[in-house]
Amino acid sequence: MTANQTADLAVKAHALHSMSEDAGNRPAASAPALAVADGRIVALGDAVESWIGEETTVLDLDGAIIPALTDAHAHPIMSLSMARGADLSACRSLDDVAEALRREAEGRDPEDWVLGWGLDPNLFVETGITNAVLHTALGAGRKSYVTLFDAHSAITSAAALELAGVTTGRTWPSGAEIVADDSGQPTGHLLEFEAMDVVQDVMPVQPLEEKVAGLHALLAAMAARGIGEIHVMDMNEPNIVDLLTAAEAHAPLPVKLRISPWCTPAMSDAECAELVEKQKLHGQRWRVGGVKFFIDGTVEGGTAWLETPDSKGESTTSVWGGIEAYAARVRALNEAGVPTATHAIGERGIREVAETLAALPDTGTQHRIEHIESVGRDVIELMGRAGIAASMQPTHCTHYTRADGSDDWSQRLGEDRAKRAWCTRDVLDAGAILALGSDYPVAPYDALAIMADAQLRRPVEDAGADPILPEQGLTAAEALAGYTTGPHRAIGEDGGYLAVGAPASFAVLDVDPLAVEAEALGSARVLLTVSDGHITHRA
């Protein structure tokens, strides 16, 4: 053995799943091991022993080696400002919400804002969404702001509205709305980003140091669940480059970030051209990649784009007012070789986006559709034929809808459309690329639990819950591919597997994800996470 054959790190385990289609890169079952040098995998299987030298760190772990997981859709940077205050995601009644907000307010200066996030709109099915719960808990004179789970809407108090200069309802061409009652008085319900910005603009700004610490803590927690990379679906944080630069000056980011800035209907030609230039921006462990669009909003907010109105007569229009302006922007980016990701929730929005992407000239640029909550099989088959990737979040289905159709999402869509909920099996059967993600902080980021939910079609932690369209469930191998090779294919890149010469990004679980029941995967421990050769988590 010569000096240049010495590995920096060698990991031995009881199983290894390379997720590589090249059988030559799969180690023999007798030697589930890999060796790392200079951030790359230099050996797999029996060949690992020849790379072990005096300076090699050798870890012998009782677990299974898999590629590091990639969350194909999350908002870790946006979450720094949005996921502040009381976590309301576990609240099961408005009384629970009120009590959580009171606890959050305890000991605070009466002039301080009280914040919360993760509020489930299903709690308002009988009453309608208003700020009444804020006033009950804290009083109308206390400045308070709570983001609903979908991150597309919020409720805010009368005091906060007054500070923002809001005295009546307001609408925007995109469908955003400061909701008012029949008398014209604002209800405190803010629909979509323009309306939310009105109040957010008068809220306290977080210090840079606080954001840096928060980002590192969040990414370290994600690395502890086996995540090595995130497709970040926004670049809206003010001074985001300064934040990332400061974060990397503090320490290497525990998780790599691929960040997609938004293209909105309000942007000028010059601003859209700048999106192409932004593709050059990068740091040590982050880069700008692709552009994010919204064709519609959310079903629960009544801002999705459906073929026919929902049960409340809502969700009838696009954020863009139609399709041509959106299509023109996508065509320009496709010509420039910039991948796009389009948020599309309602079945008409998904269809219009799929038809637009399918009609693009072939420039070798990979495009994808985000969410795809309910749509006909014919549209999914079009995506398969056209090579359009599907980026989906299984826990949007398992956490926020119910098999009996009693949830707000199902009630709004009606039985027929609810039967087409998050059809991940149909996506794979159509030959389309499937990438899985969390949409954190809309839903928890735990990738192992999400992969378990994708198989079970119910919350892994709730064995008594009825599965939602169980025929759309994935196999264990398909779920793992959705978090490894799938996200890379969804952006037109090669990766997400273990092979000699590939980046040394992998995780070791205390269970074999392809051999255990989904319930065991959901509660599995991550023993080790390595990203580009650097240990980012060790249990």
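The shown structure was predicted, so the numbers you read here are calculated from the model rather than taken from an experiment.

Points about the pairing of strand β7 (residues 69-74)
Taken across its 6 residues, β7 has 6 buried, putting it largely inside the fold. Both β7 and strand β15 (residues 227-232) contribute to a ladder of 4 bridges, which runs parallel. Looking across to β15, one finds that L69 is bridged to I227.

A few points about the sheet that holds strand β19 (residues 340-344)
With parallel pairing, 5 strands are arranged side by side in an open sheet as β18-β19-β20-β21-β22. Edge positions in the sheet fall to β18 (291-294) and β22 (434-436), since each of these pairs with one other strand and no more. On average, each strand axis in the sheet is tilted by 25° relative to the strand beside it, whichever way the strands run. Relative to β22, strand β21 (residues 389-392) runs parallel, the two being bridged by 3 bridges. Residue pairing across strands places A390 opposite L434, the latter belonging to β22.

Side note on the packing of aromatic side chains
The geometry of two aromatic rings is summed up by the distance between their centres and the angle between their planes. Evaluated as defined, the whole model comprises 10 aromatic pairs. A ring pair is formed by W320 and Y326, whose centres lie 6.1 Å apart and whose planes are at 70°; its orientation type is edge-to-face. When sorted by exposure, W320 lands in the same class as Y326, which is buried. Each ring, one from Y440 and one from Y445, has its centre 5.3 Å from the other, and the planes form 75°; the classification is edge-to-face. Comparing Y440 with Y445 shows no difference in burial state: the two are buried. Put simply, the rings of W117, Y440 and Y445 pair up and form one aromatic cluster.

A word on the sheet that holds strand β5 (residues 57-60)
Across the sheet, which stays open at both edges, the 4 strands sit in the order β4-β3-β1-β5 with mixed pairing between neighbours. Sheet topology places β4 (40-44) and β5 at the edges, where each strand pairs with a single neighbour. Here the strands of the sheet are splayed against their neighbours by 20° on average, with no regard to which way each runs. Both strand β3 (residues 33-37) and β4 contribute to a ladder of 4 bridges, which runs antiparallel. For L34, the partnering residue across the bridge sits in β4 and is L44.

Observations regarding the domain arrangement of the protein chain
One can read the domain layout of the protein chain as domain 1 (85-201) and domain 2 (262-497). A separation of 27 Å is found between the C-alpha centroids of domain 1 and domain 2. Domain 1 puts 15 residues into the contact, and the matching count from domain 2 is 17 residues. For the domain 1 and domain 2 pair, buried surface summed over both sides reaches about 1300 Å², with 65% attributable to carbon and sulfur atoms. The largest contributions to the domain 1 side of the interface with domain 2 come from N122, F149 and H152, which together make up 37% of the buried area. If you look at where domain 1 meets domain 2, you find 0 salt bridges. On inspection of domain 1 and its partner domain 2, the count reaches 4 residue pairs in polar contact (both at pLDDT 80 or more). Grouping the constituent residues of the side of domain 1 that touches domain 2 by class yields 8 nonpolar, 4 polar and 3 charged.

What counts and how
Residues numbered from 1 in each chain as written. Predicted model: local features only at pLDDT ≥ 70, side-chain atom pairs only at ≥ 80, totals over all residues. Heavy atoms only, no water. Buried < 20%, exposed > 50% of the residue type's maximum accessible area, 1.4 Å probe, protein only. Helix = DSSP H or I, 4+ residues; strand = E, 2+ residues; numbered from the N terminus. Pairing = 2+ DSSP bridges. Axes fitted to C-alpha atoms, helices over the stretch in contact; angles between N-to-C directions. Phe/Tyr/Trp six-rings, centres within 6.5 Å; stacked < 30°, edge-to-face > 60°. Domains from an automatic or database assignment. Contact = heavy atoms within 4.5 Å. Buried area = accessible area lost by both parts, 1.4 Å probe. Salt bridge = Lys/Arg side-chain N within 4 Å of Asp/Glu carboxyl O. Polar contact = N/O pair within 3.5 Å; in protein donor to acceptor, adjacent residues only side chain to side chain. Nonpolar A, V, L, I, M, F, W, Y, C, P; charged D, E, K, R; others polar.

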